[in-house]
Amino acid sequence: MKFSYLFLFIGISLLLGNYSITYGKSYLPAGDLFPILQDQNLEQHLDAIYEFREEKKYDVAIENLSDLIIDAKKLNDYTYVFHGYNLLSVIYDEINDTIPALAYAKSALEFAKQSKNDTLISWGYNNLAASLADNPATRMQALEYYKQSLEIQQRLNTGVFLDAALNIAELYGKEGNYVMMYPYLKKATASYDHSYEYYNDPIIYLDMTWGDYYKGLHVPSKALEHYAEAYERIERDNKTSLALEFYENYARYLKEQNYKDRAFEVQQQYLKHYKLREKTLETETLKLALARAETEELRRQRNDAEIKQQLLDHDLQRKKIQFILLGSILGLLSLFLAYLFYSEKLRLGLINNLKRNNKNLLKAKNLAEKSERAKSKFFSTLSHEMRTPLYGVTGIISLLEKRKEFEAFKEEIGSLKFSADHLLDIINDLLDLSKLEDESFSLINKRFNVKLLAEDLISSFDQNSLKNAACTLKCVIDSSVPDYIIGDARRLSQVLVNILGNALKFTPKGNIILRLRSEDLDANRCRIHFEVQDDGIGIPKERQELIFDEFSQLEQLQNEETATDLKGTGLGLPIVRKILEKMDSEIYLKSAVGKGSTFMFSIDFEKTISTSKTSSSEISGNSLKVKSLKGLRCLIVDDNKINRLVTKRVLENLEIITFEAQNGEEALERAKKHHFDFILMDINMPGMNGYETTQAIRIFDKHIPIIALTAAEASFITKTAQNSGMNDIVTKPYNVDDLSSTISKHVQIRNLIASF
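Below you will find a few notes about this structure. These numbers come from a predicted model, not from an experiment.

Reading guide: rules and limits
Residues numbered from 1 in each chain as written. Predicted model: local features only at pLDDT ≥ 70, side-chain atom pairs only at ≥ 80, totals over all residues. Heavy atoms only, no water. Helix = DSSP H or I, 4+ residues; strand = E, 2+ residues; numbered from the N terminus. Buried < 20%, exposed > 50% of the residue type's maximum accessible area, 1.4 Å probe, protein only. Contact = heavy atoms within 4.5 Å. Areas by Shrake-Rupley, 256 points an atom, 1.4 Å probe, with all protein chains shown as cover. Pairing = 2+ DSSP bridges. Axes fitted to C-alpha atoms, helices over the stretch in contact; angles between N-to-C directions. Salt bridge = Lys/Arg side-chain N within 4 Å of Asp/Glu carboxyl O. Polar contact = N/O pair within 3.5 Å; in protein donor to acceptor, adjacent residues only side chain to side chain. Parallel < 35°, antiparallel > 145°, perpendicular 65-115°, else oblique. Left-handed = near helix turned anticlockwise from the far one by under 90°. Nonpolar A, V, L, I, M, F, W, Y, C, P; charged D, E, K, R; others polar. Core = buried A, V, L, I, M, F, W, Y, C linked by side-chain atoms within 4.5 Å. Patch = residues over 30% accessible without salt bridge, like charges linked within 9 Å, V, L, I, M, F, W, Y side chains within 5 Å. Expected span 1.5 Å × (residues − 1). Phe/Tyr/Trp six-rings, centres within 6.5 Å; stacked < 30°, edge-to-face > 60°.

This part is about the overall build of the protein. Looking only at helices and strands, the protein has 24 helices and twelve strands in total. In the protein, which comprises 756 residues, the proportion classed as buried is 40%. Pairs at least 24 apart in sequence give 68% of the contacts found in the protein among residues at least 6 apart. By element, 53% of the accessible surface of the protein is carried by carbon and sulfur atoms, the whole surface being about 42,900 Å².

What follows is the structure, encoded as structure tokens:
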């Protein structure tokens, strides 16, 4: 089902004026097989040829097309040369002679390019693709030509139907690639204009192809709906050729879907059209055979005449060339010998350069791979080395905050805590930037309430970041936004937190508004538009792109006196851009100095509905409530004395009995001799590290919860920790509630296992 020559006649009318196909026009007597048309102009000539084709006088049409092409070439009128070759391709395709049909389609495209007419080039690509599409070996080439045709059609934007898009969709359907089939079907459907009169109504082809699409997706209701529409239109317009192409498959599919009466009706209509076609073929077969025989004879005669003329021309040229060659050959021979010497010398030089370049490239490749591995290891080490002392600082600060004797230093302790938290934010930003550049980065899509997420973010900022600020935060959510969607809630939160935090830094006083609105893409997907608007100091136009560059604020601090009040590393917005790129989105900015800024982005989500039933994943995460940890026995394994002290104080506040081990060997001995309810295990220790210690403990105790309490980034160690037998990972510095929740969960699981 190729919608190949849809605009053949329409295009002629557009190019040649008010040209139209006239049916019932009188012809010369049958005995005068090849009427003389040389006195007519090219337009009239082409008009007559189309009538010969409509009457299936293919031999007459072919002969006159040869004359038309010769005349058009003499006049350098490549438009008519294109139409001549294009119509030859169509005629040979109709008489099932595919080899010349393909050759003429290629010639038509060549002259379309010479005409520099984009419309003709688009038709040329489309019709050449149609000649290649049925052969599986050339189907990919056909697909490429269809795409080039579609690109031109879209660029011209003339409002006509995008037949190339429909053909592309059909080819993808034959390959079973329904993901790629869908967007091209949408393009073709969107281009169809019901008020436009097409030569061959494409709505039938659209319905047939949509039916094939939904059939391939196993959506029978939709498939049958489109098939039924195509069937009604075929019957209404009496399209026998389409009926023969479509009805058998349609009837078979109806039978598969248990619509046997309907299938019988369609099969009967198929037989009716088949008989009608057989009657027509009986009258056409003789004409086709005669046309082929006479065409071949005409071709032979024309070739003989052309060969004779070429021989005469060659004879005249040969004598002239002989004299020229005789004088030139000695000079060329000398030049050739000199060239051989030079080229050999040059070749050897190039080979040597190539060897050196290959060696350098290999060295650079190895260096790049080594650098990438070193970078990953560096960030993991950086995380551990910076978080370890920071854990001691933040832990001791938290302990001092709760002591009454330090109330007089509350402000100083608060400043110290703020500085430690700020340092932790910088470390997290650096690690996030590294992970986003890693090809292994992936989104974790789960069901979540997007409205609740937005409101919680605003509430969190309101409670923590706005205590001493003179601005207000608002959340405006349109009613079109669904409650529940499927996506990566953590990464979306990270994007909004960074944008809102940036707005707070540049809005000394005023309003900051987070807006959400949605539009449906289809029944199952929606596009949510996010917008953060502030009325802060604004950003100059020449700097609006720079703020998405890494460390851009640091550059400003170095270069501008006016930037001395800025805070942060300038990593927030670069992280936002990289996350949105991973989510197939892009961030946009509108800003003016003194008037504020607006950051906008849109993300496509899969819609889902709220359900009262709890999923298995929710049961596993929520059914184990945090219970009292009082009286539990914990072994703290850490080679850093300060870290052990901080962890001990945190656990004692939870009324947990603590024991300490300063290395893996000591931890192993204590685990063998004493009972513990759980173990908090450091990773990087001298001697036996955390992984090795865990593996050794698992030999004699399979069920005791072992939780990695580490300053290393969790994403770098998760797999190794699981393989060694650890139950979970808590990254330092940590939230005490998260730590107690993790401990409670694994202790309860251990108790459940022990009860069986």
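Okay, back to it.
Another aspect to go through is the sheet that holds strand β11 (residues 706–710). Spatially, β9-β8-β10-β11-β12 is the arrangement adopted by the five strands of the open sheet, whose pairing is parallel. Both outer strands of the open sheet, β9 (657–661) and β12 (728–731), are each paired with one neighbouring strand and no more. Ignoring which end each strand starts from, the neighbouring axes of this sheet average 25° apart. Relative to β12, β11 runs parallel, the two sharing four bridges. Among the inter-strand pairings, A708 is bridged to a residue of β12, identified as I729. Most of the contacts of helix α21 (residues 664–673) go to β9, to which it runs at about 135°, and overall it touches β8 (633–637) and β9. Here helix α22 (residues 690–700) sits on the sheet in contact with β10 (678–681) and β11, set at roughly 160° to β10.

A few words now on the pattern of salt bridges. Tallying each qualifying case throughout the model produces 23 salt bridges. Note that D134 and K174 form a salt bridge whose closest N and O atoms lie 3.9 Å from each other. Note that D134 is positioned in the loop between α6 (118–133) and α7 (139–156) and K174 in helix α8 (residues 163–174), a separation of 40 residues in sequence. Linking K272 and E235 is a salt bridge whose minimum nitrogen-to-oxygen distance equals 3.8 Å. On the criterion of sequence distance, the pair formed by K272 in helix α13 (residues 260–401) and E235 in helix α11 (residues 220–237) is long-range, its members being 37 residues apart. Take E235: its relative accessible area is 23%, and that puts it in the partly exposed class.

For H218, which is not glycine, the phi torsion reads 60° and is therefore positive. The backbone phi angle of N238 is positive, close to 55°, even though this residue is not glycine. One can find N238 in the loop between α11 and α12 (240–256).

By the secondary structure assignment, T507 is in the loop between α16 (489–505) and β4 (509–520). Given the relative accessible area of 1%, T507 is considered buried. Within the local environment of T507, its side chain forms a polar contact with the backbone oxygen of A503, the two atoms lying 2.6 Å apart. Once residues within four sequence positions are removed from consideration, T507 is found in contact with C471, I512, D534, D535 and G536.

Okay, the packing of helix α9 (residues 178–191) against helix α10 (residues 202–216) next. Viewed as axis vectors pointing N to C, α9 and α10 meet at an angle of 155°, and their least axial separation amounts to 11 Å. Here α10 runs roughly antiparallel to α9, going by the angle between their axes. In this structure, the crossing between α9 and α10 has a hand that is left-handed. Here Y178, M181, Y182, L185, K186, A188 and T189 of α9 come into contact with α10, specifically with L206, T209, W210, D212, Y213 and G216. Of the residues belonging to the contact of α9 with α10, the class tally is eight nonpolar, three polar and two charged.

On to the nonpolar core, then. Counting residues in hydrophobic clusters, the biggest one holds 84 residues, and the most contacted among them are L185, L206, F246, Y247 and Y250. In contact with F246, not counting residues within four places along its chain, are M208, Y227, A230, Y231 and I234. V495, L496, I512 and L516 belong to the second largest nonpolar core, which has 41 residues in total.

Attention now moves to a nonpolar patch on the surface. A surface patch of nonpolar side chains, amounting to about 840 Å² of accessible area, comprises L333, F336, L337, Y339, L340, Y342, L346 and L350. Turning to its location among the elements, L346 is positioned in helix α13.

This part takes up helix α24 (residues 736–755). In a regular helix each residue adds 1.5 Å, so 20 residues correspond to 28 Å; α24 covers 29 Å between its end C-alpha atoms and thus fits that length. Looking at α24, one finds that the buried residues are L739, S740, T742, I743, S744, H746, V747, Q748 and R750. The inward-facing, buried residues of α24 contact α20 (641–653), β10, β11 and β12.

Moving on, we come to the packing of α11 against α12. Between α11 and α12, the shortest axis-to-axis distance is 11 Å and the interhelical angle comes to 145°. Our pair here, α11 against α12, has a crossing hand that is left-handed. Together, P220, A223, L224, Y227, A228, A230, Y231, I234 and E235 of α11 and L242, A243, F246, Y247, Y250, Y253 and L254 of α12 make up the contact between the two elements. Across the contact of α11 with α12, the residue classes tally to 15 nonpolar, no polar and one charged.

So, about the packing of aromatic side chains. Tallying each qualifying case throughout the model produces 24 aromatic pairs. Geometrically, the ring pair formed by Y182 and W210 is edge-to-face, given 6.1 Å between the ring centres and 75° between the ring planes. In this pair, Y182 sits in helix α9 while W210 sits in helix α10, placing the two residues 28 residues apart along the sequence. What makes Y182 partly exposed here is its relative accessible area of 28%. Here the aromatic cluster, defined as three or more aromatic residues joined through ring pairs, consists of Y227, Y231, F246, Y247, Y250 and Y253.

For the rest of this paragraph, the subject is the side chain of N498. You can see N498 is positioned in helix α16. We classify N498 as buried; its relative accessible area is 18%. Excluding residues that lie within four positions of it along the chain, N498 makes contacts with G572, I575 and V576.

This part takes up the pairing of strand β6 (residues 588–592). Residues L589 and S591 point to one face of β6 and are all buried, whereas Y588, K590 and A592, pointing to the other face, are not buried. Sheet topology note: the β6/strand β7 (residues 596–608) ladder contains five bridges and is antiparallel. Its bridge partner being in β7, Y588 is matched across the sheet by M600. Here β6 hands over to β7 after three residues, with G594 in that stretch at a positive phi of 85°.

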